[in-house]
Every structure is written in C-alpha cells, then in structure tokens.
Amino acid sequence: SMAEGAGVGPRLAELLAAGRRLWEEVDSGTEPSSGDPAVQEKVRRGLDALQRAAAMVAQLELFSENEELDEIASADLKYLLLPALLGALTLKQVDLSRRLEHLESARAHFWRFLKVCRSYGLGSFHLPPATASLPGEEDARSPSPRGPAAAQPSLVAMAMSRQAKIERHNQKKELESRLASLRSCVESGQADEDQIREFDLLQIRQWIHTSLEEIESIDQEMVILRSRATAKQPSAPPHGTSRPARTPLKPFILTRNAAQAKVFGAGYPGLPTMTVDDWYEQRGRQGLVSGQSAPQRAPGPTDEELQKQQQEKKEEEDDEEALQKARNWDDWKDTHPRGYGNRQNMG
C-alpha cells in the first residue's frame, strides 16, 4: 500500500523516526526542564517532522474507515501512532498565553487517534466526546433533578468508573511487561514480521491508554483555565445599577487564632491563612459583611477585653514550644509518606 517508488516510503519512515526520537528525548526527563529553549526547540522540530509525516499519510490514504486491521500492511502499522505522538508533543509546549489553544489542539490529536483505533477494532474503550464540554453545558442538555440526591453522583457510577480505572491500570501493566520482553528482540533486528507486528500493536494499545488519560486531564485543566478567564473578565452590570463589583474570594484557610494560622501556614505553603477576626475585618473593609452576620460589638474594647487580648498575646508568645512541635511534625511528614507505620493492618 506504500508508494515506495516515489521515495515517499523511506522519507515517511525517517520523519516518523525523527519525531519519535525527539518526543522520547523530551519525555525522558533527562532534559534540564521543559521550559529550556533547547528543549522547546526539540518540541518544535518534533512537531514539524510529525506534521509532515501525517500530511503524507493522509495523501497516501494509508488508513481507511472501512478497512479491517489485518488489511494494514505490517510496515504501515506504526503510522497509526502519528496523531498520538502529535498530541503528546503539543502538550510539551510551554507558552502559557497559548495554553488553552495547545490543550484544544492536543485533545483533537488524541481524539483522532482514538477514533482511528476504534474503527480498526483496536482496544475496547468508550470514545470520549469529540470536544470538551464547557462547564454548565451538561446541565443545559438534560433537566437535572433537584434535591440533595442530585448533588451526589450515583455510588454505582462511581464504583463502575473506579473498577474501569483499576482494569485499565492492570491492562497497562500487562502491556508494559509484554512490550519489555519483545523490545530487545525487535531492537536487535532478530524479530520476525509477526513479532514486529505484535510489538507495534502493543505500542498502539499503550498509546490508547495514554490518550484516554490525557483527554481526561486536558478536560479538567480546560475547566480551570476557562473559569479563570471568566473570573478575570469584569461582567458589566445592567443599566441603571451601580453596585460595586464583588471581588472573588481567593482560597484560604480559616483559623481560630494566630497560633493556629502559623501552624496551618507551614503545611500549606500555597494557601494564605487568616483568622476569623482578620476575615471579618477584611470583609468589613470591603463592605461585604452585613451587620447581622457579624457579632454586634460595642464601639470600643472594654478594659476587660483589652486585658483578655494581652493575656492571649502572652499565651501565644509562650506557645513557641507548641509551634516548634508543629514544625518538627511537618518536617517528619516531609520525610515519611502518608500511611507510613500502619502497614501491619493491610490485607
């Protein structure tokens, strides 16, 4: 099925091999960091080679929707991987201003790969929707039931999806071990055609797993990016109303007092901490806490309150030992994984 005479065959093989080698170099993790200009140059060169190869495959019409798997020449099987490799390399681009575009493009590549695999009967899996649905779209299609039950996904569905994930994981492990046992034979050039064909089919199946996982995480990231984008856009108030715009609440950990704030702050460096009093004060400044929701306070602190505040301050200073304990506990957690020490109850 390959137009070898025109020299397209060898050229196509070279392009795929080059794109694949660049992908492996970028993915191996031995590179300095994905943001490094040299790495991004490899990503660009890899994408270029794979895109040219994909254009040739389309031109040669190597694959068709109404063809059986055993009708594909063994030498051509590996070209099925092109869209999956394109998707994987697309995700390695680091330009944050174009992240959404890259996610959409990578998703389209993975989806095309899965669709072709499905048409050849490779792997049993549900084909995800062609495009990521926007948050809120699912609700628009079907009237959702109201009440507390609607808020919870059905336990049966959760158990089934968990079961499917476990099965996928086990299949993946089995694939990896079969690939490992064939790889040395194929790479040393001692494999016969059947072994090479099996090796290529196993790799395709492995990429099916990868593509399904990637689409799932792309969809999650897109939801986050889109909600950030909408949070940044100031929504215009309807005419005639001039309500001050509400600032969206940034996530933080609410604590009872300052000592607790210190301890929590140590464990969650990404999240600021705030005591309840600070929170009331901040929301009060923004005019968002109504008089009813805040406890009614006398205009100025009484002597008794001042005394109590000084006492609390003193206790906090004395609490250095407790804080030190908390820090030691944090250090301990850094070096001991969660669940360390409760191994004897397993099974």
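Residues numbered from 1 in each chain as written. Predicted model: local features only at pLDDT ≥ 70, side-chain atom pairs only at ≥ 80, totals over all residues. Heavy atoms only, no water.

The name an unreviewed UniProt entry assigns to the chain is IGBP1 protein, from the organism Bucorvus abyssinicus. Per UniProt, the chain has the following entry under Sequence similarities (unreviewed entry): "Belongs to the IGBP1/TAP42 family." (UniProt positions renumbered as here; feature names shortened; annotations may be inferred.)

(A) The packing of helix α4 (residues 99-119) against helix α8 (residues 193-232), seen in detail. Interaxial distance between α4 and α8 falls to 9 Å at its minimum, and their mutual angle equals 150°. It follows from the interaxial angle that α4 and α8 lie roughly antiparallel. The handedness of the crossing between α4 and α8 is left-handed. For the contact of α4 with α8, the per-class residue count stands at 16 nonpolar, one polar and seven charged. (Axes fitted to C-alpha atoms, helices over the stretch in contact; angles between N-to-C directions. Helix = DSSP H or I, 4+ residues; strand = E, 2+ residues; numbered from the N terminus. Parallel < 35°, antiparallel > 145°, perpendicular 65-115°, else oblique. Left-handed = near helix turned anticlockwise from the far one by under 90°. Nonpolar A, V, L, I, M, F, W, Y, C, P; charged D, E, K, R; others polar.)

(B) Representation of the environment of Glu 14. The residue Glu 14 is located in helix α1 (residues 8-27) in this model. Sequence separation between Glu 14 and Ala 49 is 35 residues; the distance between their C-alpha atoms is 8.8 Å.

(C) The arrangement of helix α3 (residues 82-91) in detail. Summarising burial for α3: ten of the ten residues are buried, a large majority. Among all positions in α3, only Leu 82, Pro 83, Ala 84, Leu 85, Leu 86, Gly 87, Ala 88, Leu 89, Thr 90 and Leu 91 are buried. Those residues of α3 that are buried are in contact with α1, α2 (37-60), α4 and α8. (Buried < 20%, exposed > 50% of the residue type's maximum accessible area, 1.4 Å probe, protein only. Contact = heavy atoms within 4.5 Å.)

(D) Main features of α2. Compared with an ideal rise of 1.5 Å per residue, which puts 24 residues at 34 Å, α2 spans 35 Å between its outermost C-alpha atoms and is within 8% of the ideal. Every buried residue belonging to α2 is among Val 39, Gln 40, Lys 42, Val 43, Gly 46, Leu 47, Ala 49, Leu 50, Ala 53, Met 56 and Val 57, and all of these are buried. For α2, the secondary structure elements touched by its buried residues are α1 and α3. Capping of α2 at its N-terminal end is provided by Asp 36; its side-chain oxygen lies 3.0 Å from the backbone amide nitrogen of Ala 38. Once α2 finishes, Glu 61 follows within two positions and takes phi at roughly 50°, a positive value. (Expected span 1.5 Å × (residues − 1). Polar contact = N/O pair within 3.5 Å; in protein donor to acceptor, adjacent residues only side chain to side chain.)

(E) Representation of the nonpolar core. Counting residues in each nonpolar core, the largest one holds 46 residues, and the members touching the most others are Phe 110, Phe 113, Leu 122, Ile 204, Trp 207 and Ile 208. Excluding anything up to four places from it in sequence, Trp 207 contacts Trp 23, Leu 81, Ala 84, Leu 85, Ala 88, Phe 110 and Phe 113. Listed in part, the eight residues of the second largest apolar core include Leu 175, Leu 179, Leu 182 and Cys 185. (Core = buried A, V, L, I, M, F, W, Y, C linked by side-chain atoms within 4.5 Å.)

(F) Geometry of the packing of α2 against α3. One can describe the packing of α2 onto α3 by two numbers: an axis separation of 10 Å at closest approach and a directional angle of 155°. Viewed along their axes, α2 and α3 adopt a mutual orientation that is roughly antiparallel. The interaxial crossing formed by α2 with α3 has left-handed handedness. Residues Val 43, Gly 46, Leu 47, Leu 50, Gln 51, Ala 53, Ala 54 and Val 57 of α2 touch α3, and the partners they reach there are Leu 82, Leu 85, Leu 86, Leu 89 and Thr 90. Considering only residue class, the contact of α2 with α3 consists of ten nonpolar, three polar and no charged.

(G) Geometry of a negative patch on the surface. Where like charges cluster on the molecular surface, the negative patch consists of Glu 312, Glu 315, Glu 316, Asp 319, Glu 320 and Glu 321. Secondary structure elements with two or more residues in the negative patch: α11 (303-318) and α12 (320-335). Considering each element in turn, the negative patch owes the most residues, three residues, to α11. With respect to the helices and strands, the residue Glu 312 is situated in helix α11. The partly exposed category is assigned to Glu 312, whose relative accessible area is 41%. (Patch = residues over 30% accessible without salt bridge, like charges linked within 9 Å, V, L, I, M, F, W, Y side chains within 5 Å. Areas by Shrake-Rupley, 256 points an atom, 1.4 Å probe, with all protein chains shown as cover. Salt bridge = Lys/Arg side-chain N within 4 Å of Asp/Glu carboxyl O. Lys, Arg positive; Asp, Glu negative; His and termini not counted. Charge placed at Lys NZ, Arg CZ, Asp CG, Glu CD.)

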